[in-house]
Amino acid sequence: MRLVDSHGHVQADRFAGDVELVLGGARLAGVERILVPGWDPESCAEALAIVGRYPWLDAAVGVHPHDAALVDDMAWAGIVALAGDPRVRAIGETGLDTDRGFSPFPDQLTNLRRNLALALATGKPAILHCRSKPGERDAQDALVEELRLAGFDGPPGRAVFGDRPPAIIHSYSGPLDYGRTVIDMGLAVSFSGLVFRPGEEDSAAVARLAPSERLLVETDAPFLSPPGAPRKRNEPEWVRVTAAWLAEQRGESPEVLGDGLVAAYDFVLGRA
Ligand SMILES: [Zn+2]
């Protein structure tokens, strides 16, 4: 089965000792593309460094909601400078997180807005992290509002992106009607090992709704290990577990789904 990992932090410290082996394992498992998102200035620079060493990888640069309060205007200017690099295919990861609240919400909003503006300015899709506390949906509702305010589902988004999705909902989490909303807005949706966790049951219906050209799969390595993967460190090769789940939910053969995932990755990230 052909595979992609639309979100793997292989520049993280936890891979420093054996990234060559980890990437080799991914290739053997069928992984043909990995998008490596940064989360703060240092990890963005490291994403570009690793893409320099392994040209089959793609980079993304942006600021995670957890780090929103730590990135000042100077550090942000550094990320804007990196965003012009042709090896940078997306802006992120950014988003909103009211589950853990590592940065105050107003700082998260300021951060999200400048990341969204950078996506529109560069024509590179935004990668959106969005988590609320279990059973709640305040982050999802606020994210949809911010995307609308920024024009992601209107003329500004269409002028820049045309038919391409202006953003990717990374590691999908949330109720079914939120999934329907982001799909109707033209966004891409990426599923991770989170789909196997209690409270994420609506992900199955969202996985069936997503059009194949906007359907992605990811690990969020080193986090969010799916069943069967080591809990201490998830790796890109384990994307096959979530991809098999997607095939089952959609009633597609692994071969058909895999071809679709590679095509969707290239379409969404402008590689086609
Ligand atoms: Zn991530």
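Residues numbered from 1 in each chain as written. Predicted model: local features only at pLDDT ≥ 70, side-chain atom pairs only at ≥ 80, totals over all residues. Heavy atoms only, no water.

S.K.: Would you take a moment to explain the sheet that holds strand E3 (residues 57-61) for this structure?
M.R.: Adjacent strands of a sheet pair through backbone hydrogen bonds, lying either parallel or antiparallel. Here we have eight strands laid out as an open sheet, ordered E1-E2-E3-E4-E5-E6-E7-E8, and parallel in their pairing. Edge positions in the open sheet fall to strand E1 (3-5) and strand E8 (215-217), since each of these has one partner strand only. The average angle at which neighbouring strand axes cross in this sheet is 25 degrees, direction not considered. Note that strand E7 (residues 188-191) and E8 share three bridges and pair parallel. Residue pairing across strands places valine 189 opposite leucine 215, the latter belonging to E8. (Pairing = 2+ DSSP bridges. Helix = DSSP H or I, 4+ residues; strand = E, 2+ residues; numbered from the N terminus. Axes fitted to C-alpha atoms, helices over the stretch in contact; angles between N-to-C directions.)

S.K.: In this structure, what is going on with the packing of helix H9 (residues 239-250) against helix H10 (residues 254-268)? I would like to understand it.
M.R.: The angle between the axes and the distance between the axes are what describe a pair of packed helices. Contact pair H9 / H10: the axes reach a minimum separation of 9 Å and the direction vectors enclose 110 degrees. By the criterion of interaxial angle, the relationship of H9 to H10 is roughly perpendicular. Both H9 and H10 take part in a crossing whose hand is right-handed. Packed against H9, whose contacting residues are Ala243, Leu246, Ala247 and Arg250, the element H10 presents Pro254, Leu257 and Leu261 at the interface. Here the contact of H9 with H10 is built from residues that sort into six nonpolar, no polar and one charged. (Parallel < 35°, antiparallel > 145°, perpendicular 65-115°, else oblique. Left-handed = near helix turned anticlockwise from the far one by under 90°. Contact = heavy atoms within 4.5 Å. Nonpolar A, V, L, I, M, F, W, Y, C, P; charged D, E, K, R; others polar.)

S.K.: Sorry if this is basic, but what is going on with the pattern of salt bridges here?
M.R.: Where charged atoms from two side chains of opposite charge come close, those side chains can pair. Enumeration over the complete set of coordinates arrives at 18 salt bridges. A salt bridge links aspartate 153 to arginine 148, with the nearest nitrogen and oxygen atoms 3.4 Å apart. The salt bridge involving arginine 240 is made with glutamate 237; its shortest N-O contact spans 3.3 Å. Salt bridges sharing common partners tie together Arg2, Glu32, Arg33, Asp58, Arg89, Asp259, Asp266 and Arg271. (Salt bridge = Lys/Arg side-chain N within 4 Å of Asp/Glu carboxyl O.)

S.K.: Help me understand the coordination of the zinc ion in this model?
M.R.: Put simply, a metal with four donors set out as a tetrahedron has ideal angles of 109.5 degrees, and one with six donors set out as an octahedron has ideal angles of 90 or 180 degrees. Protein coordination at the zinc ion comes from His7 (NE2), His9 (NE2), Glu93 (OE) and Asp220 (OD), with a distance range of 2.0 to 2.3 Å. For the zinc ion, the four donor atoms in the first shell make angles of 88 to 176 degrees at the metal, a pattern classed as irregular. Counting gaps between the donor residues of the zinc ion yields the pattern H-x1-H-x83-E-x126-D. For histidine 7, a relative accessible area of 0% corresponds to the buried category. Overall, the relative accessible area of 2% leaves histidine 9 in the buried class. (Donors = N, O, S within 2.8 Å, 3.2 Å for Na, K, Ca; no water. Tetrahedral: all angles 85-135°; square planar, octahedral: opposite > 155°, others 65-115°. Buried < 20%, exposed > 50% of the residue type's maximum accessible area, 1.4 Å probe, protein only.)

S.K.: For this particular structure, what's the right way to read the environment of alanine 205?
M.R.: Its place among the elements puts alanine 205 in helix H8 (residues 203-209). Considered as a pair, alanine 205 and leucine 176 are 29 residues apart in the sequence and their alpha carbons are 6.9 Å apart.

S.K.: I'm lost on the packing of aromatic side chains in this one. Help?
M.R.: Where two aromatic rings form a pair, the distance of their centres and the angle of their planes describe that pair. Overall, the coordinates contain four aromatic pairs when judged by the stated rule. Ring plane angle 50 degrees and centroid distance 6.1 Å describe the contact between phenylalanine 191 and tryptophan 245, whose orientation is recorded as tilted. Of this pair, phenylalanine 191 sits in strand E7 while tryptophan 245 sits in helix H9, and the two are 54 residues apart along the sequence. Tryptophan 245 matches phenylalanine 191 in its accessibility class, with the two residues each being buried. One aromatic cluster is present, built from ring pairs that chain together Tyr172, Tyr178, Phe191, Phe196 and Trp245. When the ring centre of tryptophan 56 is taken as origin, the NZ or CZ atom of arginine 27, which lies over that ring, is 4.3 Å away. The ring of tryptophan 238 carries the charged tip of arginine 240 above its face, separated from the ring centre by 4.8 Å. (Phe/Tyr/Trp six-rings, centres within 6.5 Å; stacked < 30°, edge-to-face > 60°. Lys NZ or Arg CZ within 6 Å of the ring centre and 35° of its normal.)

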